[in-house]
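Here are the chains, one letter per residue:
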Amino acid sequence: MLESRDFVSDRLNRVEGSATLKYSNRAKEMKAQGENVIEFTLGEPDFPTPKNICDAAAEAMYAGETHYSAGPGLADLREAIAEKLQKDNAIDAEASSIILTPGAKQALFMLMQSTINDGDEVILFDPCWVSYDACVRMAGGIPVYVPTDPTDGFRPVNPESYITPKTKMIVFNSPCNPTGAVYDESVLREIADVAVDHNLLVLADEIYEKIIYGKKHISIGSLDGMAERTVTLNGFSKAYAMTGWRLGYMHIPEPSVFKALSKIQSHSVGNVTTFIQYGAIEALRGPQDDLAAMTKEFKERRNILIDGLNKIGFRCPMPDGAFYAFPDVSEFGNGEEVTTKLLNEAKVAVVPGFGFGKSGENYVRFSYATSVDKIREALERMEKIF
Ligand SMILES: Cc1ncc(COP(=O)(O)O)c(C=O)c1O
């Protein structure tokens, strides 16, 4: 170990490690020691990637698609994404404004690097996904948290009052990780009005749009006045169970931002792996039956889990999307205490809510990307200790 000099940059010293990974790693260690741990920690569908998608990528690889591709991605894939955004999201997308990235996470990182100066403020809704805060800080920005109301579908409370002359962007995520909230048009309109009135960019993270139970997903970029200022972020990880492929994308209508981000891509990633992009074309243009089956299965799990949690006394409204439950566990302690008790006494691994923002202190997050049998067993174990 080197001494007497701090080799770590200030930028990185400002960033916390991922709370999600910390707890899933602890669960994995226990499993490695032979403990029968049931995991609800990671945001990863437990289904295989559909075969038609794997076949398309494998065929491309064997056909020699193993070299660099264009920096923003294959023309055909960008076209397929533009069509999807037009059809599913009512976004007037052009293929030339789309960039493929190694996961939506990297897209988020690059967007912050491209747009945020030291001291710029970025509005986040509390609670929210862990990486927004980190990516804002790594870019030198300041995350500003707007509280949400858990009794009103986690609706942001008075977002406009948090805007200052330094605010540059609002990050909006629906369906939401960690709450599973799916926001309706009145919430979107309120946020859109704030963005228009204060000339802000909006990052719309729509990665869970397909994992939705009955409600309609609306893209904020489709609202009046929002076409140019909305960067729409999406990817293949969740809808097509392709987490390990690392493939996300962004639609960036503002040409200056697209150009800046392309610079980062060209000097860092280069391009996303060429042959996997053929799998992505198949994902978008091929049959969608696996997606429908997966969502149906998630819905069943959700119903069993939420019902069971409420019976135990973990207060949890029915989430409308994603595959997360975010119960209030304050009856039994704070989120971290309950997480520790669950892991030690029931061998059930969850993530404490504080990792998703201050408001999450009395919450824990369950990712129900695990089988119905395991959910039932976990609930039985939990009933014994609470
Ligand atoms: C809200 C949200 N956005 C983006 C991502 C990133 O997904 P990926 O990098 O796998 O495309 C995740 C992953 O957990 C997420 O929960």
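Note that the coordinates shown come from a computational prediction; the quantities given were computed from them, not determined experimentally. (Residues numbered from 1 in each chain as written. Predicted model: local features only at pLDDT ≥ 70, side-chain atom pairs only at ≥ 80, totals over all residues. Heavy atoms only, no water.)

Q: Looking at this structure, how should I read the side chain of Thr230?
A: For Thr230, the location among the structural elements is in strand β8 (residues 230-235). Among the polar contacts listed, one links the side chain of Thr230 to the backbone oxygen of Met226, at a separation of 2.7 Å. Apart from residues lying up to four places away in sequence, Thr230 is in contact with Val202, Ala204, Ile220, Gly221, His251 and Pro253. (Helix = DSSP H or I, 4+ residues; strand = E, 2+ residues; numbered from the N terminus. Polar contact = N/O pair within 3.5 Å; in protein donor to acceptor, adjacent residues only side chain to side chain. Contact = heavy atoms within 4.5 Å.)

Q: Is there a simple way to think about the pairing of β8 in this case?
A: Every other side chain in a regular strand lies on the same face of the sheet, so the side chains alternate between the two faces. Within β8, 6 of the 6 residues are buried, which leaves it mostly tucked inside the rest of the structure. Residues Thr230, Thr232 and Asn234 of β8 are buried on one face, and the alternating residues Val231, Leu233 and Gly235, pointing to the opposite face, are buried as well. Of the pairings in the sheet, the one linking strand β7 (residues 201-205) to β8 comprises 4 bridges and is parallel in character. By the bridge assignment for β8, Ala204 is matched with Thr232. The sheet contact formed by β8 and strand β9 (residues 248-251) spans 4 bridges and is antiparallel. Note that in β9 the partner of Gly235 across the bridge is Gly248. (Buried < 20%, exposed > 50% of the residue type's maximum accessible area, 1.4 Å probe, protein only. Pairing = 2+ DSSP bridges.)

Q: Is there a simple way to explain unusual backbone geometry in this structure?
A: Most peptide bonds are trans, and most residues other than glycine sit at a negative phi. For the bond running from Asp126 to Pro127, omega is 10 degrees, close enough to zero to count as cis. Cis geometry is adopted by the peptide bond preceding Pro175, which originates at Ser174 and carries an omega value of -10 degrees. By the element assignment, Pro175 lies in the loop between β6 (167-173) and α7 (185-197). One non-glycine residue, Asn158, adopts positive backbone phi at about 50 degrees.

Q: Is there a simple way to think about the packing of aromatic side chains in this case?
A: Aromatic ring pairs are defined here through the distance separating the ring centres and the angle between the ring planes. Within this structure, the stated rule accounts for 19 aromatic pairs. When the ring of Phe323 is compared with that of Tyr324, the centres are 4.9 Å apart and the planes differ by 45 degrees; the resulting orientation is tilted. Take Phe323: its relative accessible area is 0%, and that puts it in the buried class. (Phe/Tyr/Trp six-rings, centres within 6.5 Å; stacked < 30°, edge-to-face > 60°.)

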